[in-house]
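# A closer look at the structure
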Amino acid sequence: MTRLLRLTVALGAIAMCLFVTAAPASAHPLGNFTVNRYTGILISSDGVEVDHVIDLAEIPTAQLGEAIDDLESLAERECETSRGGLELTVSGTAVPLTLTGSSATTADGEGGLPITRITCGFEGDAEIGAGEVNFRDRTAPESVGWREITAVGNEMTLTSSDVPSESTSERLTAYPEDLLTSPLDVTSAAVVVSPGGPAGTLPGSDDESPSATDGGWLSSRATALLGDNGWIAAGLGILAALALGATHALSPGHGKTVMAFYLSQRGDNSLRSALAVGGAVTAAHTGSVLLLGLLVSLSTAFVPASIYPYLTLATGLLILGLGLYLLVQLRSNEGGHGHGHGHGHGHGHGHGHGHGHGHEPSQTVAGNGTDEQHAGGHDHDHHTAPGSQSTVGLATATVPTDAHPDPAPGRWGVWVMGLVGGLVPSPSALLLLLAAVALGRAWFGVVLVLAFGIGMAVSLAAVGLLARGLVLRLEGAADRRGFLGGNVRTFLRYGAAIGICAVGVGLVVRTLLQL
Amino acid sequence: MRRSLIVLGIGLALAISGGIGVATTSEPPAASTDPSVARVVPDSGQDLTATIAALQDTLRRLPEDDASWANLSLAYVEQARVTGLATYYDKADEAAARSLSIEPDENFSALGARGAIAAARHDFAGALDDADQALAINPRDLTALAVRVDALTELGRYADQLRAVRAADRLRPSTTIATRYAYAYELRGDLDRAGDVLQGAAASGSLADKAYPLTLRADILRKQGRLQAAGRDLATVRQVLPTYLPALVSSARLQTARGDLEGAVATWQSVVAQQPLPEYLTELGELLQHLGRADEAEAQFAVVRTTIELLNAGGVGTDLETALFEADHGSPARAVEQARAEWARRTSVHVADALAWALHRAGRNAEALPIARAATRLGTPEARFWIHRGTIEAALGMTAEARTHLQRGLATDPGMSPWQREEARSTLTSLTVRR
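Here, residues in each chain are numbered from 1, in the same order as that chain's written sequence. To read the labels, note that chains go from A and ligands from 1, taken in the order they are written. Note on the predicted model: pLDDT of at least 70 is required for a residue's local features to be given, and 80 or more for side-chain atom pairs to be given and counted; whole-chain, interface and lining totals, by contrast, use all residues. Here the side-chain values reflect all heavy atoms present in the structure, with hydrogen atoms and water set aside.

Assigned secondary structure in chain A consists of 14 helices and 10 strands. Every one of the 515 residues in chain A was classed for burial, and the buried ones make up 49%. In what follows, a contact means two residues having at least one pair of non-hydrogen atoms within 4.5 Å. In chain A, the share of contacts with a sequence separation of at least 24, taken over all contacts with a separation of at least 6, comes to 79%. In the structure as shown, chain A presents an accessible area of about 23,200 Å², 61% of it carried by carbon and sulfur atoms. Here a strand is any run of E in DSSP of at least two residues, a helix any run of H or I of at least four, and the numbering for each starts at the N terminus. Residue burial is assigned from relative accessible area. The probe radius is 1.4 Å, only protein chains are included, and a residue is buried under 20% of its type maximum, exposed over 50%, and partly exposed in between. The Shrake-Rupley method, run with a 1.4 Å probe, gives the accessible areas here. Residue values count only the displayed protein chains as cover.

Right, dumping it as structure tokens:
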């Protein structure tokens, strides 16, 4: 157990070293006389939308002089000037751009001096079928600064593109400061499009995706690791994924409490149970991330964030079901007459759960969850019947647990635990997968997600085993002192089952309130 | 102005030297013979961006390769010079530090790179120290040889400078050293020999290699009054590198010398659009002031003031150029303070000139005179030095000396700021009237 704990800590430390090396941003990371420009291009069948951002550091802002007092007309003028420098051709024909919107803001730079950010929106009307779209940024050709272009298709597929679809600098808001990456200087884009494809949006227009919180640095770093073909980089990537998974599992809401309760219920084969549960967590998490990844890459309109509450709800229901099942099992072990009761309950929950998902656009994932849960529910019924051997009496509670006679329900418990720990896919893992897919290394992405799941599982199992050790020690002490007339274990078991129910109810209620 | 060109040039020359140095080192203790190590040879048809990408890639796989770190540092210094992105200096600094932490002994390449960065940041004592350390390990390292010459020049140790540049020329004759040799002659007033040396340097190498020596020669030809020849040199450079900044600066001054002031304004405006450095902004501002466009001039000066504010906020001591700006367009008292602090660190003719002029503007002409003499001690053909000295002498009533020196200044460089020349001319007239 301590070894597991140490491993977890070590993995966490590795993750820290790998991912928390970015220095805090200074006044202007690219130097105070830079003019930085970003252009995002969205290609639809009826035209092109262009998002152009200009980030002026302190000295270029000073060069604007008094123009800065009237931000509105400044934005309009600068955008109009930039328009002349942005050249767009579709299949060789120049497409004139029209200004659709402009805005400017100032912020404090070094020494309290202002810096300026100007955002321009352009549109170019053109019939775009299959063919080439070329873009060139000729604005202020020799000015010093970051230059970046991204291109996305809207119901168009980019069959080839020499620019990425995501902004490395998050539209000039977060410049990477890695020693081994150069500032971008991209002033042209050549894209080949064909009609058809998912709906698309410009980078920065959907800030609500799950990647919004930590996506920037994580994805850039993950991409940096993924982009490298070396074995060392691959090994590092896997290690990092392991460590990320381990640390991710330690953040709140991953069923650690449930895991602890559950493992404290198991007999002496708890290490095996822990390993089994770990395996189940890994399998469930990998499966759900892969499914979600598939959905995300199939349709750009699909927003992963929207299904998270439902997955959490499913987890809560699963936990509740597990708790009730354990209770039922305990009752049946006592006398067997509570059996039918518990049975009905499990079923009812499975049903409600399925309903919740029915309303969802993301039916495949949800359906999957439901199926598994249903299967679980069914098998509850199925196995509870043979599992209701009344060989275990209340009075002899301490003895027979050592030779726990019903492995079958245990196995299903393991799967339910796996789902509890792994049903909700981690956004970080999803990002890793998507980054790998974007680089054409999908298999490596799957390996990384697997590693991530293993990391989570190790972490969860370690915490669960630790908690179990504690519970067993307490139990031993209580037994020796003769608390509760020697029925400490029984009480603990009931306590654990009720505790799991409580956690499940809590999770369900919280999620429902949020929905 | 000359100095800023030189500082820009240091980068070019250093990076060339870095590449050559790594390529042909006689004693390679830092594994620099490794064929996988990309070499940095700028402006040689080599794609610097690709070289940097290759080095970055190598280092992602072999993060302990000190020679690649040192090379990457030199490449970043070169990229900082080419793009003007200050962030590359920070990266170069970190890369050199990484190289040195992996291989703290015998690592002359990283020491040379560190020296080059120190020089670019105007820490010339530090640059000299690094260069000396590198040369103690490898006396033939071109980067270190060049940094050493530059540091001695900027520190005002001219006797050492001449010895160092001669020794460097014997050890490693190259364009890198030739440009410095020429500058040593130029500082001492021997424009003919400086021009010859640059011509020799420009005769060899690719067209892109010639850009820098040709630009320097255009400056010398302009000072000699050979405006047509200067124009030809700059046209050659423009053909190869249309947006090469030093050539653009030189063109602006040539246009001023020819009297095409409107053309000069346009050229200066494209210079400051590329790199709004204080010295360029000041020169454009003074030109606009001369043309009676006070508002536009004031706008340029406002940007210089912002730059000074920024430098102060960043904790960087203000520069020589900003001291001269303060003397003419700001607070002479602050100018004296800044120039005096610089004078305590180094005693080059440029620092002397800035201090003397600041003292004059602050009304302390008696103090200014010996320092103005120090500024002209080498006979440097820098119009400003002589005009400043003559103006100080005029203020002290030394009419004969004042007239000689003002006339010498006005005869030296027709490309000099017309506003400054105007002032000098009126001082000269007042001397004549007084007589």
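Our next topic: the side chain of Glu-148 of chain A. Residues and elements named next belong to chain A. Here Glu-148 shows up in strand β8 (residues 147-153). We score Asp and Glu as negative and Lys and Arg as positive, and we do not count His or the chain ends. Here, a salt bridge means any Lys or Arg side-chain nitrogen found within 4 Å of an Asp or Glu carboxyl oxygen. The side chain of Glu-148 is buried and forms no salt bridge, while Arg-171, the nearest opposite charge, is found at 9.0 Å. Dropping the residues within four chain positions of it, Glu-148 is found in contact with Arg-37, Tyr-38, Thr-39, Glu-166, Ser-167, Thr-168, Ser-169, Leu-184 and Val-186.

A word on the sheet that holds strand β7 (residues 131-137) of chain A. All names here are of chain A. Note on pairing: DSSP must find at least two bridges between two strands before they are called paired. Strands sit in the order β4-β3-β7-β10-β9 across an open sheet of 5 strands; the sheet is antiparallel. Edge positions in the open sheet fall to β4 (93-94) and β9 (156-161), since each of these has one partner strand only. Across 6 bridges, β7 lies against strand β10 (residues 188-195) in antiparallel orientation. Paired with Glu-132 across the strands is Val-192, a residue of β10. To obtain an axis, a line is fitted to C-alpha atoms, over the contacting stretch when the element is a helix, and the angle between two such axes runs from 0 to 180 degrees between their N-to-C directions. Lying on the sheet, helix α3 (residues 71-85) is in contact with β3 (86-90) and β7; it crosses β3 at an angle near 45°.

All names here are of chain B. For Phe, Tyr and Trp, where Trp contributes only its six-membered ring, two rings pair if their centres lie within 6.5 Å, and the inter-plane angle classes them as stacked under 30 degrees, edge-to-face over 60, or tilted in between. One pass over the full model with this rule turns up 5 aromatic pairs over all chains. Judged by centre distance (5.5 Å) and plane angle (40°), the rings of Tyr-76 and Tyr-88 are tilted. One end of the pair, Tyr-76, is in helix α3 (residues 66-83); the other, Tyr-88, is in helix α4 (residues 87-102), and 12 residues separate them in sequence. Judged on exposure class, the residue Tyr-76 and its partner Tyr-88 are both buried. Pairing Tyr-181 with Tyr-185 gives two aromatic rings, centres 5.3 Å apart and planes at 5°, and the pair type is stacked. Placement of both Tyr-181 and Tyr-185 in helix α9 (residues 175-187) is noted, with a separation of 4 residues, approximately one turn of the helix. Classification of Tyr-185 as buried rests on a relative accessible area of 12%. The positively charged end of Arg-408 is found above the aromatic ring belonging to Trp-386, 3.8 Å away from the centroid. We call a charge positioned above a ring when the Lys NZ or Arg CZ atom is no farther than 6 Å from the ring centre and deviates by at most 35 degrees from the ring normal.

Looking now at α3 of chain B. All names here are of chain B. Given a rise of 1.5 Å per residue, 18 residues ought to cover 26 Å, and the 25 Å separating the end C-alpha atoms of α3 matches this to within 8%. Counting buried positions along α3 yields 16 of 18 residues, so the element is predominantly enclosed. Looking one or two residues past α3, Gly-84 carries a phi angle of roughly 75°, positive in sign. Multiplying 1.5 Å by the residue count of a helix minus one yields the expected span of that helix.

Looking now at the interface of chain B and chain A. A common measure of how large an interface is: the accessible area buried when the components associate. Counting residues at the interface gives 34 residues for chain B, matched by 25 residues for chain A. Computed with a 1.4 Å rolling probe, the buried area is the accessible surface lost when two parts are put together, summed over both parts. A combined buried area of about 2,500 Å² lies between chain B and chain A, and 65% of that area is made up of carbon and sulfur atoms. Summed over the three residues of chain B that lose the most area to chain A, namely Arg-60, Leu-85 and Leu-310 of chain B, the buried surface amounts to 22% of that side. Across the chain B-chain A interface, the total number found is 0 salt bridges. Those elements that provide at least two residues to the side of chain B that touches chain A are α2 (48-61), α3, α4, α14 (261-274) and α16 (294-313) of chain B. Polar here means any residue other than Ala, Val, Leu, Ile, Met, Phe, Trp, Tyr, Cys and Pro, which are nonpolar, and Asp, Glu, Lys and Arg, which are charged; Gly is therefore polar. When the residues that make up the side of chain B that touches chain A are grouped by side-chain class, the tally is 17 nonpolar, 10 polar and 7 charged.

Residue and element names in this part refer to chain A. pLDDT runs from 0 to 100 and stands for how confident the predictor is about each residue. In the predicted model, chain A carries a mean pLDDT of 70, and 65% of its residues have values of at least 70. Under a pLDDT of 50 for its full length, residues 1-26 has, in the predicted model, 34 contacts with residues more than four places off or in other chains. Overall, residues 207-220 carries pLDDT values under 50, and its contacts beyond four positions in sequence, including any with other chains, amount to 18 contacts.

What follows is about the sheet that holds strand β6 (residues 114-125) of chain A. Residue and element names in this part refer to chain A. Pairing in this open sheet of 5 strands is mixed, and the strands run β5-β6-β2-β1-β8 from one edge to the other. Each edge of the sheet is formed by a strand with only one pairing partner; in this case those strands are β5 (98-108) and β8. Averaged over all neighbouring strand pairs, the angle between strand axes comes to 10°, with direction disregarded. One ladder, built from 10 bridges, connects β5 with β6; its direction is antiparallel.

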